Amino acid sequence: VQLQASGGGLVQAGDSLSLSCAASGVTLPNYVMGWFRQAPGKERVFVARIRWSSGTTYYADSVKGRFTISRDSAKNTVYLQMNSLRPEDTAVYYCGAAFYTLYRSFVSSNQYTYWGQGTKVTVSS
């Protein structure tokens, strides 16, 4: 299984950025795809997730209304559209894949089996 994240960069506060995560070697309809971020010296925290088969999404409160997670089945790719970026959004963003099971929240990094390499997002004030 390979997850290839891309799209990070340096932007100013208020700008937008779109991240991509291309997946291979995994049967995506059985999976939940998530985006997490890790700021320097801090733990990896949940940002958003999408259940591939249904398209159901869930967001951290800190990004709700600003970020949108989506997927393209033809490209086996999950996206994170980030609008109205803030300096506190600065982090390395990771995409993860977790086999879907009932009664799991999929907001904890330890519930994910596969990870991409991370892409750095820096938001200047």
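Here, every reference points to the structure presented above.
Residues numbered from 1 in each chain as written. Predicted model: local features only at pLDDT ≥ 70, side-chain atom pairs only at ≥ 80, totals over all residues. Heavy atoms only, no water.

### Some details on the sheet that holds strand E8 (residues 77–82)
Logical step 1: Taken together, four strands build an open sheet; the order of strands is E1-E3-E8-E7 and the sheet is antiparallel. Each edge of the open sheet carries a strand with a single partner, namely strand E1 (2–6) and strand E7 (67–72). For this sheet, the mean inter-axis angle between neighbouring strands, taken without regard to orientation, is 15°.
Logical step 2: For strand E3 (residues 17–24) and E8, the ladder comprises six bridges, and the chain directions are antiparallel. Looking at the pairing, Ser20 lines up with Tyr79 of E8. (Pairing = 2+ DSSP bridges. Helix = DSSP H or I, 4+ residues; strand = E, 2+ residues; numbered from the N terminus. Axes fitted to C-alpha atoms, helices over the stretch in contact; angles between N-to-C directions.)

### Re the nonpolar core
Logical step 1: Judged by nonpolar contacts, the single largest core of 37 residues is most densely connected at Met33, Trp35, Leu80, Met82 and Tyr93.
Logical step 2: Taken together, the elements giving at least two residues each to this core come down to E1, E3, strand E4 (31–38), strand E5 (44–51), E7, E8, strand E9 (91–99) and strand E11 (119–124). (Core = buried A, V, L, I, M, F, W, Y, C linked by side-chain atoms within 4.5 Å. Buried < 20%, exposed > 50% of the residue type's maximum accessible area, 1.4 Å probe, protein only.)

### With respect to the packing of aromatic side chains
Logical step 1: The final tally for this structure, using the stated rule, is nine aromatic pairs.
Logical step 2: A ring pair is formed by Tyr31 and Tyr114, whose centres lie 6.4 Å apart and whose planes are at 45°; its orientation type is tilted. Taken together, the residues Tyr31 in strand E4 and Tyr114 in strand E10 (residues 114–115) connect sequence positions 83 residues apart.
Logical step 3: Judged by relative accessible area, which is 28%, Tyr114 ranks as partly exposed.
Logical step 4: Through pairs of rings, three or more aromatic residues link up here, namely Phe36, Phe46, Tyr58, Tyr100, Phe106, Tyr112 and Trp115.
Logical step 5: The residue whose ring lies beneath Arg44 is Tyr94, and the NZ or CZ to ring-centre distance is 3.6 Å. (Phe/Tyr/Trp six-rings, centres within 6.5 Å; stacked < 30°, edge-to-face > 60°. Lys NZ or Arg CZ within 6 Å of the ring centre and 35° of its normal.)

### So, the pattern of salt bridges
Logical step 1: On inspection of all chains with the given rule, the structure shows three salt bridges.
Logical step 2: With a closest N to O distance of 3.1 Å, Asp61 and Lys64 form a salt bridge.
Logical step 3: Of the residues examined, Asp61 reaches a relative accessible area of 65% and is grouped as exposed. (Salt bridge = Lys/Arg side-chain N within 4 Å of Asp/Glu carboxyl O.)

### Notes on the pairing of E8
Logical step 1: As defined by bridge partners, E7 adjoins E8 across six bridges and the pair is classed as antiparallel. Looking at E8, one finds that Arg71 is bridged to Val78.
Logical step 2: In textbook terms, the turn of a hairpin is the stretch between consecutive antiparallel strands, and for E7 and E8 this stretch comprises four residues, one of which, Asn76, has a positive phi near 50°.

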